[in-house]
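Commentary on secondary and tertiary structure
The lines below spell out each chain.
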Amino acid sequence: MRFLWLLLITGSCWFDAAKGDVLETIAQWPLLDFALPYDPHYLDQFKPENVVPTGIEIGWNRIFISVPRLRDGVPATLNFIPRNIPPGSSPQLHAYPSWDWHGAGIGDLNCSKLISVYRIRIDRCNRLWVVDSGIMTSIDDFRVVCPPKIVVFDLQTDRLVRLYTFPRQSLRPNSLLTNMIIDDVTATTCDDVFVYISDTTGPGIVVFDGATDRSWRVLHTSMFPDPSFSTYQIGGDSFELMDGVVGLAFSPQLNTLYYQPLATNLLFSVPTSALQGGPLPFGEQLPVTVVGKKSSQGLALAVDPQDDTILFSPLTETAIASWHPRTNQQRIIAFSPQQLQFTAELKFAERDNGDLWILSTRFQKFFRRQISPREINLRIMRIRFNSNNVPKPGTFYLSHQQQRIPHYFYNNTVLI
Ligand SMILES: *[C@@H]1O[C@H](CO)[C@@H](O)[C@H](O)[C@H]1NC(C)=O
(Lines give C-alpha, C1' and ligand atoms only; values in the text may rest on other atoms or scores of the structure.)
Protein backbone atom coordinates (compact mmCIF):
# COMPACT_ATOMS: atom_id res chain seq x y z
CA MET A 1 0.00 0.00 0.00
CA ARG A 2 1.30 3.39 -0.99
CA PHE A 3 1.39 5.83 1.87
CA LEU A 4 2.17 9.46 1.25
CA TRP A 5 1.78 12.26 3.70
CA LEU A 6 -0.23 15.01 2.17
CA LEU A 7 1.43 17.86 3.89
CA LEU A 8 5.15 18.28 3.98
CA ILE A 9 7.84 19.46 6.28
CA THR A 10 7.12 22.32 8.62
CA GLY A 11 8.19 25.61 7.19
CA SER A 12 9.34 24.22 3.87
CA CYS A 13 6.36 25.23 1.85
CA TRP A 14 5.55 28.66 0.62
CA PHE A 15 2.45 30.43 -0.36
CA ASP A 16 2.32 30.40 -4.09
CA ALA A 17 0.38 32.66 -6.39
CA ALA A 18 1.23 30.93 -9.64
CA LYS A 19 -2.41 31.04 -10.61
CA GLY A 20 -3.20 34.54 -9.36
CA ASP A 21 -5.65 33.23 -6.83
CA VAL A 22 -8.03 35.22 -4.73
CA LEU A 23 -11.42 34.56 -3.24
CA GLU A 24 -14.12 36.41 -5.11
CA THR A 25 -17.51 36.55 -3.39
CA ILE A 26 -20.38 35.70 -5.71
CA ALA A 27 -23.18 35.69 -3.14
CA GLN A 28 -23.31 35.85 0.64
CA TRP A 29 -25.96 35.76 3.31
CA PRO A 30 -26.28 36.05 7.07
CA LEU A 31 -29.19 33.59 6.75
CA LEU A 32 -30.90 32.30 3.63
CA ASP A 33 -33.99 33.97 2.30
CA PHE A 34 -36.53 32.32 0.00
CA ALA A 35 -39.01 33.61 -2.56
CA LEU A 36 -41.80 31.82 -0.72
CA PRO A 37 -45.09 30.85 -2.39
CA TYR A 38 -48.44 32.34 -1.40
CA ASP A 39 -49.27 29.40 0.86
CA PRO A 40 -48.74 31.02 4.31
CA HIS A 41 -47.72 27.67 5.85
CA TYR A 42 -44.31 27.99 4.22
CA LEU A 43 -43.64 31.23 6.05
CA ASP A 44 -45.11 29.90 9.31
CA GLN A 45 -42.78 26.88 9.28
CA PHE A 46 -39.64 28.61 7.99
CA LYS A 47 -36.80 28.67 10.55
CA PRO A 48 -33.89 30.54 8.93
CA GLU A 49 -31.52 29.67 11.78
CA ASN A 50 -31.93 25.97 10.86
CA VAL A 51 -31.27 26.40 7.15
CA VAL A 52 -27.72 25.64 6.02
CA PRO A 53 -26.83 24.66 2.45
CA THR A 54 -24.37 21.83 1.73
CA GLY A 55 -24.24 21.76 -2.06
CA ILE A 56 -23.89 23.99 -5.10
CA GLU A 57 -23.79 23.36 -8.82
CA ILE A 58 -23.09 25.89 -11.54
CA GLY A 59 -25.43 25.94 -14.53
CA TRP A 60 -25.17 28.24 -17.53
CA ASN A 61 -27.57 30.82 -16.10
CA ARG A 62 -28.34 29.55 -12.63
CA ILE A 63 -26.52 28.52 -9.49
CA PHE A 64 -28.25 25.55 -7.86
CA ILE A 65 -28.18 25.28 -4.09
CA SER A 66 -29.13 22.20 -2.10
CA VAL A 67 -30.32 22.63 1.46
CA PRO A 68 -30.82 19.37 3.34
CA ARG A 69 -33.44 19.14 6.06
CA LEU A 70 -30.89 18.75 8.86
CA ARG A 71 -33.47 20.27 11.20
CA ASP A 72 -37.03 21.42 10.67
CA GLY A 73 -37.88 24.74 9.06
CA VAL A 74 -36.36 24.34 5.57
CA PRO A 75 -38.84 25.64 2.97
CA ALA A 76 -37.28 24.03 -0.12
CA THR A 77 -34.43 21.51 -0.27
CA LEU A 78 -33.41 22.31 -3.88
CA ASN A 79 -33.17 25.89 -5.13
CA PHE A 80 -31.50 28.22 -7.56
CA ILE A 81 -30.36 31.82 -7.81
CA PRO A 82 -29.59 33.58 -11.11
CA ARG A 83 -25.92 33.77 -12.16
CA ASN A 84 -26.13 37.42 -13.19
CA ILE A 85 -26.48 38.92 -9.72
CA PRO A 86 -24.42 41.82 -8.34
CA PRO A 87 -21.25 40.36 -6.79
CA GLY A 88 -21.59 39.77 -3.07
CA SER A 89 -25.35 40.28 -2.99
CA SER A 90 -27.85 38.21 -1.01
CA PRO A 91 -30.43 37.00 -3.53
CA GLN A 92 -33.58 35.15 -2.55
CA LEU A 93 -33.59 31.44 -3.32
CA HIS A 94 -36.17 30.08 -5.76
CA ALA A 95 -37.48 26.55 -5.30
CA TYR A 96 -36.45 24.18 -8.11
CA PRO A 97 -38.08 23.04 -10.28
CA SER A 98 -41.18 24.47 -8.56
CA TRP A 99 -42.79 24.70 -5.14
CA ASP A 100 -44.95 21.75 -6.15
CA TRP A 101 -41.91 19.54 -5.41
CA HIS A 102 -41.37 20.88 -1.89
CA GLY A 103 -44.44 19.96 0.11
CA ALA A 104 -42.03 18.50 2.68
CA GLY A 105 -41.43 22.13 3.70
CA ILE A 106 -44.95 22.21 5.14
CA GLY A 107 -45.09 18.63 6.36
CA ASP A 108 -46.69 17.19 3.22
CA LEU A 109 -44.50 14.10 2.73
CA ASN A 110 -44.98 12.60 -0.72
CA CYS A 111 -42.20 10.21 -1.78
CA SER A 112 -42.62 11.18 -5.47
CA LYS A 113 -41.45 14.67 -4.52
CA LEU A 114 -38.19 15.98 -3.07
CA ILE A 115 -37.58 15.33 0.61
CA SER A 116 -33.99 16.26 1.57
CA VAL A 117 -31.13 16.86 -0.84
CA TYR A 118 -27.46 17.24 0.11
CA ARG A 119 -25.82 17.58 -3.29
CA ILE A 120 -26.58 17.93 -7.00
CA ARG A 121 -24.50 17.53 -10.16
CA ILE A 122 -24.99 18.58 -13.78
CA ASP A 123 -24.01 16.05 -16.45
CA ARG A 124 -22.65 16.64 -19.94
CA CYS A 125 -26.18 16.62 -21.35
CA ASN A 126 -27.12 19.64 -19.23
CA ARG A 127 -29.25 17.60 -16.87
CA LEU A 128 -29.33 18.08 -13.11
CA TRP A 129 -28.84 14.89 -11.08
CA VAL A 130 -30.30 15.03 -7.61
CA VAL A 131 -29.73 12.45 -4.88
CA ASP A 132 -32.62 12.68 -2.46
CA SER A 133 -31.78 11.14 0.93
CA GLY A 134 -35.41 10.65 1.97
CA ILE A 135 -34.46 11.57 5.57
CA MET A 136 -36.12 14.39 7.52
CA THR A 137 -34.40 16.29 10.37
CA SER A 138 -31.29 14.11 10.08
CA ILE A 139 -29.31 15.90 12.82
CA ASP A 140 -32.09 15.93 15.39
CA ASP A 141 -34.05 12.67 15.07
CA PHE A 142 -33.17 11.12 11.66
CA ARG A 143 -36.70 10.39 10.43
CA VAL A 144 -36.64 7.90 7.55
CA VAL A 145 -39.70 9.05 5.61
CA CYS A 146 -39.04 7.83 2.03
CA PRO A 147 -36.58 5.54 0.26
CA PRO A 148 -33.70 7.52 -1.23
CA LYS A 149 -33.82 8.18 -4.95
CA ILE A 150 -32.05 9.73 -7.91
CA VAL A 151 -34.08 12.39 -9.69
CA VAL A 152 -32.84 13.89 -12.97
CA PHE A 153 -34.17 17.16 -14.43
CA ASP A 154 -33.50 18.45 -17.93
CA LEU A 155 -32.28 22.02 -17.49
CA GLN A 156 -33.63 23.05 -20.89
CA THR A 157 -37.19 22.25 -19.90
CA ASP A 158 -36.89 21.90 -16.10
CA ARG A 159 -38.81 18.65 -16.44
CA LEU A 160 -38.22 15.34 -14.74
CA VAL A 161 -36.48 12.96 -17.15
CA ARG A 162 -35.40 10.14 -14.90
CA LEU A 163 -36.28 8.67 -11.54
CA TYR A 164 -34.62 5.77 -9.76
CA THR A 165 -35.61 4.63 -6.30
CA PHE A 166 -32.92 2.72 -4.46
CA PRO A 167 -33.95 -0.81 -3.48
CA ARG A 168 -33.63 -1.98 0.09
CA GLN A 169 -30.65 -4.21 -0.82
CA SER A 170 -28.55 -1.16 -1.69
CA LEU A 171 -29.25 0.48 1.67
CA ARG A 172 -28.84 0.00 5.40
CA PRO A 173 -31.34 1.06 8.06
CA ASN A 174 -29.44 4.28 8.79
CA SER A 175 -28.34 5.12 5.24
CA LEU A 176 -27.86 8.80 4.46
CA LEU A 177 -26.97 9.48 0.83
CA THR A 178 -25.10 12.77 0.72
CA ASN A 179 -22.80 13.22 -2.27
CA MET A 180 -22.29 11.89 -5.77
CA ILE A 181 -19.89 11.64 -8.68
CA ILE A 182 -21.12 11.10 -12.23
CA ASP A 183 -18.62 8.96 -14.17
CA ASP A 184 -19.29 9.22 -17.90
CA VAL A 185 -15.89 7.92 -19.05
CA THR A 186 -17.38 4.89 -20.80
CA ALA A 187 -20.79 6.45 -21.51
CA THR A 188 -22.11 6.49 -25.06
CA THR A 189 -25.40 8.24 -24.24
CA CYS A 190 -26.61 10.63 -21.53
CA ASP A 191 -27.91 7.70 -19.53
CA ASP A 192 -25.34 4.91 -19.39
CA VAL A 193 -23.19 6.60 -16.74
CA PHE A 194 -22.04 5.26 -13.41
CA VAL A 195 -22.90 7.27 -10.32
CA TYR A 196 -20.94 6.81 -7.07
CA ILE A 197 -22.86 7.95 -4.02
CA SER A 198 -21.58 8.42 -0.48
CA ASP A 199 -23.61 6.81 2.28
CA THR A 200 -22.32 8.86 5.19
CA THR A 201 -23.90 7.06 8.11
CA GLY A 202 -24.48 3.61 6.58
CA PRO A 203 -21.59 3.93 5.88
CA GLY A 204 -20.48 2.87 2.40
CA ILE A 205 -20.47 3.82 -1.25
CA VAL A 206 -23.51 3.04 -3.37
CA VAL A 207 -22.90 2.49 -7.08
CA PHE A 208 -25.66 3.18 -9.59
CA ASP A 209 -25.30 1.68 -13.07
CA GLY A 210 -27.28 3.94 -15.37
CA ALA A 211 -27.18 1.48 -18.25
CA THR A 212 -29.02 -1.26 -16.39
CA ASP A 213 -30.86 0.70 -13.67
CA ARG A 214 -29.16 -1.38 -11.01
CA SER A 215 -27.41 -0.34 -7.82
CA TRP A 216 -25.24 -2.02 -5.21
CA ARG A 217 -23.09 -1.02 -2.28
CA VAL A 218 -19.46 -1.47 -1.39
CA LEU A 219 -17.93 -1.11 2.04
CA HIS A 220 -14.41 -0.75 3.36
CA THR A 221 -13.19 0.10 6.86
CA SER A 222 -11.82 3.38 5.46
CA MET A 223 -15.40 4.60 4.94
CA PHE A 224 -16.16 4.59 8.67
CA PRO A 225 -15.62 7.64 10.86
CA ASP A 226 -12.50 7.50 13.01
CA PRO A 227 -13.62 8.29 16.59
CA SER A 228 -10.31 9.97 17.37
CA PHE A 229 -11.07 12.53 14.62
CA SER A 230 -14.72 13.20 15.40
CA THR A 231 -14.10 16.54 17.12
CA TYR A 232 -13.65 19.48 14.78
CA GLN A 233 -12.00 22.80 15.55
CA ILE A 234 -12.94 25.83 13.48
CA GLY A 235 -11.94 29.22 14.78
CA GLY A 236 -12.90 29.28 18.45
CA ASP A 237 -15.60 26.65 18.01
CA SER A 238 -15.45 22.95 18.42
CA PHE A 239 -18.14 20.40 17.65
CA GLU A 240 -18.52 16.65 17.32
CA LEU A 241 -19.97 14.62 14.51
CA MET A 242 -19.37 10.94 13.77
CA ASP A 243 -19.75 11.20 10.01
CA GLY A 244 -18.38 8.59 7.63
CA VAL A 245 -17.61 8.91 3.93
CA VAL A 246 -18.86 12.20 2.50
CA GLY A 247 -16.13 13.97 0.47
CA LEU A 248 -15.86 12.60 -3.08
CA ALA A 249 -13.77 13.56 -6.09
CA PHE A 250 -13.08 11.88 -9.38
CA SER A 251 -10.26 11.75 -11.92
CA PRO A 252 -11.52 10.63 -15.33
CA GLN A 253 -7.91 10.38 -16.57
CA LEU A 254 -6.82 8.06 -13.78
CA ASN A 255 -10.22 6.33 -13.45
CA THR A 256 -9.93 6.90 -9.73
CA LEU A 257 -12.48 7.86 -7.09
CA TYR A 258 -11.11 9.77 -4.11
CA TYR A 259 -13.04 9.87 -0.87
CA GLN A 260 -12.84 10.88 2.76
CA PRO A 261 -15.04 10.45 5.79
CA LEU A 262 -15.59 13.70 7.66
CA ALA A 263 -14.13 12.15 10.82
CA THR A 264 -10.64 11.32 9.56
CA ASN A 265 -7.37 12.98 8.66
CA LEU A 266 -6.77 10.57 5.78
CA LEU A 267 -7.65 10.66 2.10
CA PHE A 268 -8.42 7.42 0.27
CA SER A 269 -8.82 6.28 -3.30
CA VAL A 270 -10.25 3.32 -5.16
CA PRO A 271 -10.06 2.48 -8.88
CA THR A 272 -13.45 2.88 -10.51
CA SER A 273 -13.02 -0.51 -12.19
CA ALA A 274 -13.36 -2.06 -8.72
CA LEU A 275 -16.68 -0.27 -8.19
CA GLN A 276 -18.26 -0.97 -11.56
CA GLY A 277 -18.28 -4.74 -11.56
CA GLY A 278 -21.23 -5.21 -9.24
CA PRO A 279 -21.26 -6.24 -5.58
CA LEU A 280 -17.99 -7.77 -4.41
CA PRO A 281 -18.09 -11.50 -3.71
CA PHE A 282 -18.25 -12.16 0.03
CA GLY A 283 -14.82 -11.98 1.61
CA GLU A 284 -13.23 -10.04 -1.23
CA GLN A 285 -11.74 -6.68 -0.30
CA LEU A 286 -12.06 -3.42 -2.17
CA PRO A 287 -8.59 -2.30 -3.41
CA VAL A 288 -8.44 0.92 -1.38
CA THR A 289 -5.31 3.05 -1.22
CA VAL A 290 -4.42 5.57 1.48
CA VAL A 291 -3.51 8.55 -0.66
CA GLY A 292 -2.28 10.79 2.10
CA LYS A 293 -2.69 12.48 5.42
CA LYS A 294 -4.08 15.95 6.00
CA SER A 295 -3.47 18.46 8.74
CA SER A 296 -7.14 18.33 9.80
CA GLN A 297 -10.51 16.93 8.76
CA GLY A 298 -12.40 18.21 5.77
CA LEU A 299 -15.50 17.81 3.71
CA ALA A 300 -15.04 19.10 0.15
CA LEU A 301 -12.71 17.47 -2.35
CA ALA A 302 -12.02 18.23 -6.00
CA VAL A 303 -9.70 17.05 -8.75
CA ASP A 304 -8.38 19.64 -11.20
CA PRO A 305 -9.42 18.20 -14.58
CA GLN A 306 -6.34 19.76 -16.22
CA ASP A 307 -3.61 18.07 -14.23
CA ASP A 308 -5.21 15.76 -11.63
CA THR A 309 -4.18 17.91 -8.69
CA ILE A 310 -6.31 17.15 -5.63
CA LEU A 311 -7.90 20.09 -3.81
CA PHE A 312 -9.12 19.85 -0.24
CA SER A 313 -10.02 22.15 2.57
CA PRO A 314 -8.67 21.34 6.04
CA LEU A 315 -11.31 22.74 8.41
CA THR A 316 -9.07 23.82 11.25
CA GLU A 317 -6.69 25.74 8.99
CA THR A 318 -9.61 27.49 7.20
CA ALA A 319 -7.78 27.06 3.93
CA ILE A 320 -7.95 25.47 0.52
CA ALA A 321 -4.87 23.44 -0.28
CA SER A 322 -3.76 21.41 -3.25
CA TRP A 323 -1.58 18.39 -3.60
CA HIS A 324 -0.37 16.51 -6.62
CA PRO A 325 -0.03 12.82 -5.80
CA ARG A 326 2.59 12.15 -8.48
CA THR A 327 4.88 15.15 -8.08
CA ASN A 328 4.03 15.66 -4.40
CA GLN A 329 3.79 19.39 -5.10
CA GLN A 330 1.76 21.13 -2.41
CA ARG A 331 0.27 24.58 -2.32
CA ILE A 332 -2.02 26.70 -0.22
CA ILE A 333 -4.49 28.13 -2.69
CA ALA A 334 -6.44 30.30 -0.26
CA PHE A 335 -6.46 31.01 3.43
CA SER A 336 -9.13 33.01 5.21
CA PRO A 337 -10.30 32.42 8.78
CA GLN A 338 -13.19 34.72 8.00
CA GLN A 339 -14.38 33.36 4.67
CA LEU A 340 -13.35 29.69 4.70
CA GLN A 341 -15.00 28.32 7.79
CA PHE A 342 -16.63 25.07 6.79
CA THR A 343 -15.99 24.48 3.13
CA ALA A 344 -18.77 22.18 1.97
CA GLU A 345 -18.03 22.27 -1.77
CA LEU A 346 -15.07 22.80 -4.08
CA LYS A 347 -15.99 22.56 -7.74
CA PHE A 348 -14.25 23.19 -11.02
CA ALA A 349 -17.18 24.64 -12.95
CA GLU A 350 -17.32 23.43 -16.55
CA ARG A 351 -19.89 26.10 -17.30
CA ASP A 352 -17.59 28.84 -16.00
CA ASN A 353 -14.28 28.33 -17.85
CA GLY A 354 -13.29 25.64 -15.36
CA ASP A 355 -12.91 28.17 -12.56
CA LEU A 356 -13.09 26.95 -8.97
CA TRP A 357 -16.32 27.57 -7.03
CA ILE A 358 -16.55 27.29 -3.29
CA LEU A 359 -19.41 26.95 -0.82
CA SER A 360 -18.39 27.92 2.69
CA THR A 361 -20.79 27.97 5.64
CA ARG A 362 -20.49 28.48 9.34
CA PHE A 363 -21.99 25.04 9.75
CA GLN A 364 -20.43 24.71 13.18
CA LYS A 365 -22.46 27.68 14.43
CA PHE A 366 -25.70 26.38 12.93
CA PHE A 367 -24.96 22.98 14.43
CA ARG A 368 -24.34 24.46 17.88
CA ARG A 369 -27.40 26.74 17.56
CA GLN A 370 -25.16 29.79 17.91
CA ILE A 371 -25.68 31.44 14.57
CA SER A 372 -25.69 35.21 14.55
CA PRO A 373 -27.99 36.85 12.00
CA ARG A 374 -25.79 39.95 12.13
CA GLU A 375 -22.79 38.26 10.50
CA ILE A 376 -22.19 36.73 7.10
CA ASN A 377 -22.50 32.99 7.63
CA LEU A 378 -22.94 31.62 4.12
CA ARG A 379 -20.75 32.34 1.11
CA ILE A 380 -20.53 31.25 -2.49
CA MET A 381 -17.10 32.22 -3.80
CA ARG A 382 -14.97 31.74 -6.84
CA ILE A 383 -11.26 31.60 -7.58
CA ARG A 384 -10.47 32.67 -11.11
CA PHE A 385 -7.32 30.80 -11.85
CA ASN A 386 -6.81 32.50 -15.17
CA SER A 387 -7.28 36.18 -14.47
CA ASN A 388 -5.24 38.59 -12.39
CA ASN A 389 -7.71 39.78 -9.85
CA VAL A 390 -6.80 42.38 -7.32
CA PRO A 391 -7.11 40.93 -3.83
CA LYS A 392 -10.03 42.19 -1.84
CA PRO A 393 -9.77 43.49 1.72
CA GLY A 394 -10.01 40.65 4.16
CA THR A 395 -8.69 38.12 1.71
CA PHE A 396 -5.38 36.62 2.54
CA TYR A 397 -3.57 36.98 -0.73
CA LEU A 398 -0.96 34.37 -1.33
CA SER A 399 2.05 35.82 -3.01
CA HIS A 400 5.00 33.76 -4.08
CA GLN A 401 7.66 33.25 -1.41
CA GLN A 402 6.53 36.15 0.69
CA GLN A 403 4.71 34.55 3.50
CA ARG A 404 5.50 31.43 5.40
CA ILE A 405 2.67 29.09 6.06
CA PRO A 406 1.57 29.29 9.68
CA HIS A 407 3.29 26.60 11.67
CA TYR A 408 0.17 24.80 12.74
CA PHE A 409 -0.50 23.99 9.13
CA TYR A 410 1.85 21.06 9.00
CA ASN A 411 1.84 18.52 11.71
CA ASN A 412 3.96 15.88 10.15
CA THR A 413 7.33 15.62 8.59
CA VAL A 414 7.48 12.02 7.47
CA LEU A 415 7.47 11.04 3.85
CA ILE A 416 7.36 7.32 3.16
C1 LIG B 1 -47.80 12.43 -4.69
O2 LIG B 1 -47.38 13.10 -5.86
C3 LIG B 1 -47.76 12.45 -7.04
C4 LIG B 1 -47.10 13.18 -8.19
O5 LIG B 1 -47.46 14.52 -8.26
C6 LIG B 1 -49.30 12.43 -7.15
O7 LIG B 1 -49.69 11.76 -8.33
C8 LIG B 1 -49.83 11.71 -5.94
O9 LIG B 1 -51.25 11.78 -5.94
C10 LIG B 1 -49.31 12.31 -4.65
N11 LIG B 1 -49.71 11.48 -3.51
C12 LIG B 1 -50.36 11.97 -2.48
C13 LIG B 1 -50.69 10.99 -1.41
O14 LIG B 1 -50.68 13.12 -2.38
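Okay, so let's go over this structure. (Residues numbered from 1 in each chain as written. Predicted model: local features only at pLDDT ≥ 70, side-chain atom pairs only at ≥ 80, totals over all residues. Heavy atoms only, no water.)

Attention shifts here to the sheet that holds strand β24 (residues 319-323). The strand order β22-β23-β24-β25 describes an open sheet built from four strands, whose pairing is antiparallel. The open sheet is flanked by β22 (301-303) and β25 (330-335), the only strands paired with a single partner. Strand-to-strand twist across the sheet, computed as the mean angle between neighbouring axes with direction ignored, equals 20 degrees. With three bridges joining them, β22 and strand β23 (residues 310-312) adopt antiparallel strand pairing. Note that in β23 the partner of L301 across the bridge is F312. (Pairing = 2+ DSSP bridges. Helix = DSSP H or I, 4+ residues; strand = E, 2+ residues; numbered from the N terminus. Axes fitted to C-alpha atoms, helices over the stretch in contact; angles between N-to-C directions.)

Turning our attention to the sheet that holds strand β2 (residues 55-58). Strand order in the open sheet made by the four strands is β2-β3-β4-β5, with antiparallel pairing throughout. Unpaired on one side and paired on the other, β2 and β5 (94-95) mark the two borders of the sheet. Both β2 and strand β3 (residues 62-66) contribute to a ladder of four bridges, which runs antiparallel. Bridging across to β3, I56 finds its partner in I65.

Now for the state of the cysteines. One pass over the full model with this rule turns up two disulfides. Residue pairing for C111: its cysteine sulfur links by disulfide to C146, the two sulfurs lying 2.0 Å apart. The disulfide joining C111 to C146 has a torsion of about -90 degrees about its S-S bond and is therefore left-handed. Of this pair, C111 sits in the loop between β5 and β6 (117-122) while C146 sits in the loop between β9 (143-144) and β10 (149-154); the two residues are 35 residues apart in sequence, bridging distant segments of the chain. On the basis of relative accessibility, which here comes to 34%, the residue C111 falls in the partly exposed class. Covalent S-S linkage joins C125 and C190, the inter-sulfur distance amounting to 2.1 Å. Measuring handedness by torsion sign, the sulfur bridge of C125 and C190 sits at about -95 degrees and is left-handed. (Disulfide = S-S within 2.5 Å. Buried < 20%, exposed > 50% of the residue type's maximum accessible area, 1.4 Å probe, protein only.)

What follows covers the environment of A27. As for its position among the elements, A27 is in strand β1 (residues 24-29). A27 sits 353 residues away from I380 along the chain, and the two C-alpha atoms are 5.2 Å apart. When near neighbours in sequence (up to four residues on either side) are disregarded, A27 contacts I81, I85, G88, S89, P91, L378, R379 and I380. (Contact = heavy atoms within 4.5 Å.)

One pass over the full model with this rule turns up 21 salt bridges. Ionic pairing is found between D100 and K113, a salt bridge with its closest N-O pair at 3.6 Å. Residue D100 is found in the loop between β5 and β6, and its partner K113 is found in the loop between β5 and β6; the two are separated by 13 residues along the sequence. We classify D100 as exposed; its relative accessible area is 52%. (Salt bridge = Lys/Arg side-chain N within 4 Å of Asp/Glu carboxyl O.)

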